[in-house]
Each structure stands twice: as C-alpha cells, then as structure tokens.
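# Descriptive analysis of the structure
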Amino acid sequence: MKIEAITLRELHMPLKHFFETSFGRTTSRRVLLVTAHCEGVEGWAECVAGEGPFFSYEWIETAWATIRDFLAPALVGKDVWQATEAATLMSKVRGHNMAKAALENALWDAEAQQKQQPLWKLLGGTRTEIACGVSIGIQDSHDELMKQIETELAAGYQRIKIKVKPGWDLEILAKIRKRWPDILLSCDANSAYRPNDLEHLRKFDDFNLLMIEQPLWDDDIFQHAKLQRELKTSICLDESIRHERDAQAAIALDACRIINIKVGRVGGLTEAIAVHAQCLQHNIPVWCGGMLETGIGRAHNVALSTLLNFRLPGDVSASKRYWEEDVVEPEIEVTERGTIPVSKKAGTGYELKKDLIARLTARSLELT
Ligand code: OSB
Ligand code: MG
C-alpha cells in the first residue's frame, strides 16, 4: 500500500449544546481531518486534539504543524503492508499521540477498504453490537442536568457519566441517586482534585458509582494508587494512560480498576489494541472514551469497541447529540437498547458527505 499523499482539513462545526468539563467549556469544534491517499483508496480519520491545550498538551495547532512538518514527511512516499507499520515510521517524534493516531487510523481505514473487510474485523473485534453510555457536561443548573439525564435514559443509554469538579459534585450526585437509585452512574473529574481532598473524595463512596474517572493529575499514576487504596469506588484512568506501558504500571500499582481507552490519546489503533490486551490479561475492564468527535472519529471508536474486553458501556453515542448534521452517512445512531450495531460493510461502514465536508472546511493542505 503506497502512501502517495496526505490531505489535512480543518472544519469548523458548532456543537448543538456546549460541553463543559472541569477544565473549561467548548461551544464549537475545530475538527482536524486526515485523508491518506493510497493507490486509488482514500483512508479517512479524525485528529481528536482540542481547541486548546487543556485535556492534554496537544491541540489543533500543534497537531497540524507536527503532522505537516514531521509526521506526514515520515510517511509520504512509503510503501507499507499494513497500517500498523505507521507507528514505527513515526517513532522518531516523541509524544504527539493524537497527531500520530490520526495518520495511523487513516491508514487502517485505507487498509480495510483495500482488503474489502470491515475495519472492526481487521482490528480483531468480535462484538456485533456495542454498548453505549453518555457523558454529560457541567450545566448552568442542577435542573438542566436532571432534564438531560432523563432524556438520555429515555433514549436507552446504558450508563450515565457526569462531569464533576469542586462545587459541582456531591450535591448533584445525591440528587441523581435519589431520583434514579439503580442506574449505572459514573463521574469524570478531569484532574479537578488533589490528594488533600481525600476526605471529600471519600464521600463519593456513598453513591454506588461504577467509577470515578481521573480524579487527580493528568500525568499521574502513583498518587492515584495511593488514593485507590482509600476509596471503595473504583478509579478509572483516562488522561494518565498514554500507551501500553502506562497501563502496565497502573495495573501493577493498583492505581485503577478500570481503564478508558481513547485511540487518539494512546497514539493510534495499534497501541489501543495493545492497551486492550494488557487490560484483558489482568482482568481490568475497559471502555471506549470519546472526544466530541464527528462521525469520522466516532466510526473508528465503534470499530475499536467491538474488541472483547470492551465490557463496559463507552462514551460512544449518537451523532445527533452533538451535531445538527454529521459529516457521515448514515449518521451514528443508537438503538432503543442503547447499542450501536456494527456494519458488515468494508471499511468503517459509514460514507462521507464530501459536499458538506467541503462547505465546513476552513483550511486544507495537501502534503505530497
Ligand atoms: O475526559 O472523557 C473525557 C470530552 C472532551 C475531553 C475529554 C473528555 C470528554 C468527554 C466527552 O467526556 C465524551 C464524548 O465524546 O461524548
Ligand atoms: Mg475522561
């Protein structure tokens, strides 16, 4: 498979509803799309870097520049057998996992199309339907959040995750539990707490949460291990897990009992499969995280979620929760059982709306 050219596009897409976490509010996305041109086949993927360096140091401008100046030049002109070889070709660049993932995942899409196979099968997936949950951001009022939970439960979603931070945590969790004593409920702090919040964090144990995601620093494992020993509630690590070795360390130190796999955060589908295998071997359940993706990134998340150890409902939900109109066809839809059935078509199983993509494109660059 010869990598002849790579195209970058930046799309501007307003979110239907703002998304707020402990690190800030997003109202509109700057979406970076990557296309790999390989001998008559076009592989597409989405870079999940955000609008600013808040979830991680990567953001759209670092991803764009790193791909343009270093990563695409390491790939263009190369002939590879498999997408998985991309990681080695890009290994001179330290970090920048989201930028690397976009390129590697575009090649996975190209490989699946070339082999006339569904991407999920190529990844080694076995599930034909994936379990869906939702991640609900911080709202302007408790009532607004309660209304959103009601809507998502009515739609069939299997797990509700709310974003928490000091001042938006115990009171709202108590309200939710009072109204819905039995739902699968979890929370995500995106690093909003510190070890001296221990007595406060212990109170989360009252709410029978499936997990508390990333309570402490984004780059920490050791302090999470100390915290996990003090809590009944399972810790789930997101930001802290950048690759398989981080998963190994976190598991060996008992820093968490659950791991969230985001393909962008770990640098691509190959590494995501390795993290998955590491967790499976140690009986640590995983689930697929989300980064407010368009249907392009979402389709890759669906494919990844078909692997065996994706045992918990992920943050992979319907396009219509985010976008007036998504850039893929059909849009990502969720059944009333709170699942996404997996397509049997070659590639991701979703077609691109190229006219819409062209209309939303603010800048593009072809690298040859
Ligand atoms: O921590 O999981 C996170 C969105 C942006 C950045 C970080 C996170 C999230 C989400 C949203 O929780 C998940 C989704 O795409 O619905
Ligand atoms: Mg998270």
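In this text, all values refer to a predicted model and were calculated from it rather than measured experimentally. (Residues numbered from 1 in each chain as written. Chains lettered and ligands numbered in written order. Predicted model: local features only at pLDDT ≥ 70, side-chain atom pairs only at ≥ 80, totals over all residues. Heavy atoms only, no water.)

Glancing now at the site of ligand 1. Around ligand 1, the structure places 15 residues, and the nearest of them are Ser135, Asn190, Lys262, Leu292 and Tyr322. Lys161 places a polar side-chain atom, nitrogen or oxygen, 3.2 Å from an oxygen atom of ligand 1. One of the backbone nitrogen or oxygen atoms of Met291 is found 3.3 Å away from an oxygen atom of ligand 1. Expressed as a share of its isolated accessible area of 390 Å², the protein-covered part of ligand 1 is 97%. Partitioned by chemical class, the residues of the shell around ligand 1 number 5 nonpolar, 3 polar and 7 charged. (Near = heavy atom within 4 Å. Polar contact = N/O pair within 3.5 Å; in protein donor to acceptor, adjacent residues only side chain to side chain. Areas by Shrake-Rupley, 256 points an atom, 1.4 Å probe, with all protein chains shown as cover. Nonpolar A, V, L, I, M, F, W, Y, C, P; charged D, E, K, R; others polar.)

Turning our eyes to something else, we now look at the side chain of Thr233. Along the chain, the position of Thr233 falls in the loop between α8 (222–230) and β9 (235–237). Residue class for Thr233 comes out buried when judged on its relative accessible area of 5%. Of note is the side chain of Thr233, whose polar atom sits 2.5 Å from the side chain of Asp205. Among all residues touching Thr233, those that are not within four sequence positions of it are Phe204, Asp205, Leu209, Met211, Ile212, Gln228 and Arg257. (Helix = DSSP H or I, 4+ residues; strand = E, 2+ residues; numbered from the N terminus. Buried < 20%, exposed > 50% of the residue type's maximum accessible area, 1.4 Å probe, protein only. Contact = heavy atoms within 4.5 Å.)

As a further point, take the nonpolar core. In terms of nonpolar packing, the biggest core is built from 122 residues, with Ile6, Ile67, Leu107, Ile162, Ile176, Phe204 and Ile259 touching the most fellow members. At 9 residues, helix α3 (residues 97–114) tops the list of elements feeding residues into this core. When residues no more than four places from it in sequence are discounted, the contact partners of Ile6 are Val34, Thr35, Ala36, His37, Ala72, Leu75, Val76, Leu103, Leu365, Glu366 and Leu367. Among the nonpolar cores identified, the runner-up in size contains 6 residues, and Leu210, Cys236, Trp287 and Leu312 belong to it. (Core = buried A, V, L, I, M, F, W, Y, C linked by side-chain atoms within 4.5 Å.)

Below, the discussion takes up the pairing of strand β10 (residues 258–261). Within a regular strand, side chains alternate between the sheet's two faces. Side-chain alternation along β10 places Ile258 and Asn260 on one buried face and Ile259 and Ile261 on a second face that is also buried. Where β9 meets β10, 2 bridges bridge the pair, whose relative direction is parallel. Paired with Leu237 across the bridge in β10 is Ile259. Once you follow β10 into helix α10 (residues 269–281) and on to strand β11 (residues 286–288), the crossover reads as right-handed. (Pairing = 2+ DSSP bridges. Right-handed = clockwise from strand over helix to strand, strands pointing away.)

Quick look at the environment of Pro313 now. Within the element layout of this structure, Pro313 appears in the loop between α11 (295–304) and β12 (328–329). Along the backbone, Pro313 and Leu184 are 129 residues apart, and their C-alpha atoms lie at a distance of 9.5 Å. If we ignore the near neighbours within four places in the chain, the residues touching Pro313 are Ala131, Cys132, Gly133, Gln158, Arg159, Leu184 and Trp287.

A word on helix α5 (residues 142–155). With 14 residues, α5 extends 20 Å from end C-alpha to end C-alpha; this agrees with the ideal 20 Å at 1.5 Å per step. All buried positions along α5 are accounted for by His142, Leu145, Met146, Gln148, Ile149 and Glu152. One face of α5 carries all of its buried residues, which in axial projection span an arc of 160°. For α5, the exposed residues lying more than 90 degrees away from the buried face are Asp143, Lys147, Thr151 and Ala154. The inward-facing, buried residues of α5 contact β1 (5–21), β5 (134–136), β6 (160–163) and α6 (170–179). Phi turns positive one or two residues past the end of α5, at Gly156, with a value near 110°. (Expected span 1.5 Å × (residues − 1). Arc of directions from axis to C-beta.)

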